[in-house]
Amino acid sequence: MAPIILSIMTATTNSIETLRKEALETLEQTGEAGLDQWRAEWLGRQDGRVTLLLRSVRDQPPDERAAFGAAANALKNDLEDALNQRREALKKKQLETLATSGAIDVTLPGRPQPVGRFHPVTQTLRDIVAVFGEMGFRVAEGPEVEWAKYNFDGVRIPEDHPARDMWDTIWVDKEIGGRRDMLLRTHTSPNQVRVMERQQPPIRVVVPGKCYRQEATDATHEWMLTQVEGLAVDEGIRMSDLKGVLYEFARRMFGQDRHITFHHSYFPFVEPGVEMAVDWPTADGGTRWVEILGAGMVHPEVIENAGFDSSRYTGFAFGIGVERVAMLRWGIDDIRHFYQNNLRFLRQF
Ligand code: PHE
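The model shown is predicted, which means the values in this text are computed figures rather than measured ones. (Residues numbered from 1 in each chain as written. Predicted model: local features only at pLDDT ≥ 70, side-chain atom pairs only at ≥ 80, totals over all residues. Heavy atoms only, no water.)

**Observations regarding the site of the ligand**
- The immediate surroundings of the ligand are formed by 15 residues, with His187, Ser189, Arg213, Gln227 and Gly319 found nearest.
- If the ligand stood free it would expose 320 Å²; the protein chains cover 93% of that surface.
- With respect to the detected pockets, the ligand is housed in the largest pocket.
- For the shell around the ligand, the elements supplying multiple residues, two or more each, are β5 (224–235), β8 (287–298) and β9 (313–321).
- The element best represented in the shell around the ligand is β9, accounting for 3 residues.
- When its residues are assigned to classes, the shell around the ligand shows 7 nonpolar, 6 polar and 2 charged. (Near = heavy atom within 4 Å. Areas by Shrake-Rupley, 256 points an atom, 1.4 Å probe, with all protein chains shown as cover. 1 Å grid on protein atoms, 1.4 Å probe; cavity = no way out; pocket = protein on both sides within 12 Å on 5 of 7 lines; lining within 4 Å. Sits in = over half its atoms within 2 Å of the grid points. Helix = DSSP H or I, 4+ residues; strand = E, 2+ residues; numbered from the N terminus. Nonpolar A, V, L, I, M, F, W, Y, C, P; charged D, E, K, R; others polar.)

**What about the environment of Gly31?**
- Considering the arrangement of structural elements, one finds Gly31 in the loop between α2 (11–29) and α3 (35–43).
- Measuring from C-alpha to C-alpha, the distance between Gly31 and Thr314 comes to 88 Å, with 283 residues separating the pair along the chain.
- Those residues in contact with Gly31 that lie beyond four places of it in its chain are Arg86 and Leu90. (Contact = heavy atoms within 4.5 Å.)

**Some details on the pairing of β8**
- Examined bridge by bridge, strand β7 (residues 270–281) and β8 share 10 bridges and lie antiparallel to one another. Within β8, the position partnered with Val270 by the bridge is Val298.
- Counted along the chain from β7 to the antiparallel partner β8, the turn is 5 residues long, and its residue Gly285 has a positive phi close to 90°. (Pairing = 2+ DSSP bridges.)

**Quick look at the sheet that holds strand β6 (residues 260–265)**
- Taken together, 7 strands build an open sheet; the order of strands is β1-β4-β5-β9-β8-β7-β6 and the sheet is mixed. Lying at the two open borders of the sheet, with one neighbouring strand each, are β1 (138–139) and β6.
- For β6 and β7, the ladder comprises 6 bridges, and the chain directions are antiparallel. By the bridge assignment for β7, Ile260 is matched with Val278.
- The strands touched by helix α6 (residues 120–134) are β1, β4 (203–212), β5 and β9; relative to β5, the strand with the most contacts, the crossing angle is about 5°. (Axes fitted to C-alpha atoms, helices over the stretch in contact; angles between N-to-C directions.)

**Concerning the packing of aromatic side chains**
- Counted according to the given criterion, the structure contains 16 aromatic pairs.
- Ring centres 6.4 Å apart and planes at 65° place the aromatic pair Phe137 and Phe318 in the edge-to-face group. A residue pair is termed long-range when its members are at least 10 positions apart, and Phe137 in the loop between α6 and β1 and Phe318 in strand β9 qualify at 181 residues.
- Given a relative accessible area of 6%, Phe137 falls into the buried group.
- On the numbers, 6.2 Å between centres and 55° between planes, the contact of Phe338 with Tyr339 is tilted.
- For Phe338, a relative accessible area of 0% puts it in the buried group.
- Residue classification places Tyr339 among the partly exposed positions, given a relative accessible area of 28%. (Phe/Tyr/Trp six-rings, centres within 6.5 Å; stacked < 30°, edge-to-face > 60°. Buried < 20%, exposed > 50% of the residue type's maximum accessible area, 1.4 Å probe, protein only.)

**Digging into unusual backbone geometry**
- The omega angle of the peptide bond from Pro201 to Pro202 is 0°, so this bond is cis rather than trans.
- On the secondary structure map, Pro202 appears in the loop between α8 (190–198) and β4.
- Each neighbour pair has its own omega, and for Glu271 with Pro272 the value is 0°, a cis peptide bond.
- Locating Pro272 in the fold gives a position in strand β7.
- Unusually for a residue other than glycine, Arg156 sits at a positive phi of about 65°.
- Using a relative accessible area of 23% as the deciding quantity, one classes Arg156 as partly exposed.
- Phi at Asn341 is positive, roughly 55°, even though this residue is not glycine.

**Considering the domain arrangement of the chain**
- According to the domain assignment, the chain consists of domain 1 (2–100) and domain 2 (120–346).
- One C-alpha centre belongs to domain 1, the other to domain 2, and the line joining them spans 81 Å. (Domains from an automatic or database assignment.)

**Here we look at the side chain of Gln199**
- Mapped onto the elements of the fold, Gln199 is located in the loop between α8 and β4.
- Within polar-contact distance, the side chain of Gln199 engages the side chain of Arg138 at 2.5 Å.
- When sequence neighbours within four positions are dropped, the list of residues in contact with Gln199 reads Arg138, Val205 and Phe308. (Polar contact = N/O pair within 3.5 Å; in protein donor to acceptor, adjacent residues only side chain to side chain.)

This is the structure we're talking about:
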């Protein structure tokens with residue numbers, strides 16, 4: 001209390017100190033459950049004892065009013081502080097008893113929070129796209145529900161062409177705008193056409209995405225698969241560019257001393273067409289070739305269909321089987337593991 005107040009302390013201010021003593025003593029004996037009642041008795045807005053005291057300031061003799069008022073206010077503030085401290089102290093004590101009484105075993109290790117991660121196919125897809133990104137390929141996307149015009153006709157697979165058998169198709173059984181030729185894309189190659197429709201050479205894109213085929217599943221075939229389509233179109237692109245890019249891809253993806261091999265294959269939208277295989281160690285210490293993609297020089301007709309002069313522009317395209325790459329990478333023997341949602345399998349990656 002300030003000295004000036006002490007000097008004019010009277011019988012009434014003395015009684016304030018008596019009140020303070022009483023209030024603090026009862027607070028000390030009040031448990032958690034009684035705190036609200038204590039507050040009502042001393043600080044209640046209507047008829048708390050300190051509230052009444054404050055209200056009586058105007059009844060004091062004029063020369064004592066200031067000192068009385070100051071002392072009463074100080075009491076009010078002190079009691080509020082004391083109440084808060086008491087609350088805190090009681091809470092702390094409660095936690096301490098909980099901890100020591102054995103209700104909470106503070107020595108137990110915390111519950112681990114499961115950490116999510118990307119599906120192995122997603123991880124592989126991202127890595128593939130990143131490698132081509134480093135080589136200057138931009139990412140494009142196309143629809144999974146596709147017109148036959150893009151999925152087949154635009155890439156030289158006309159109706160009744162036997163090559164349509166290579167992609168046993170899941171058709172959308174619905175007439176849309178008078179047409180009945182919508183399907184779940186069987187490969188990402190329709191995006192060769194879609195990209196060339198909206199972009200001028202030089203073109204360098206990769207198009208990742210899911211594809212669907214109506215086929216019996218086995219260890220290496222699923223009815224849904226993931227591909228990364230690649231397309232480069234410009235003046236003067238040659239087969240050696242295709243081989244160089246895919247060789248570099250294999251080295252960046254699988255390691256510097258990877259060997260690759262190309263052999264001839266047929267896809268209607270490329271000429272010549274190839275399949276690329278990567279050498280992979282076998283259990284008996286040897287290596288074997290594992291095919292991971294189809295590729296080739298974009299057929300001049302596909303270039304012409306897109307509205308470009310095929311005597312000026314050439315290009316290459318490839319389609320990578322992402323599940324195949326993931327299988328190779330981690331030695332997974334059955335493609336069906338990927339989509340069975342077995343966490344014991346998925347948590348390994
Ligand atoms: N689209 C082909 C497939 O699904 C792969 C491919 C893409 C082949 C591009 C050549 C060029 O098997």
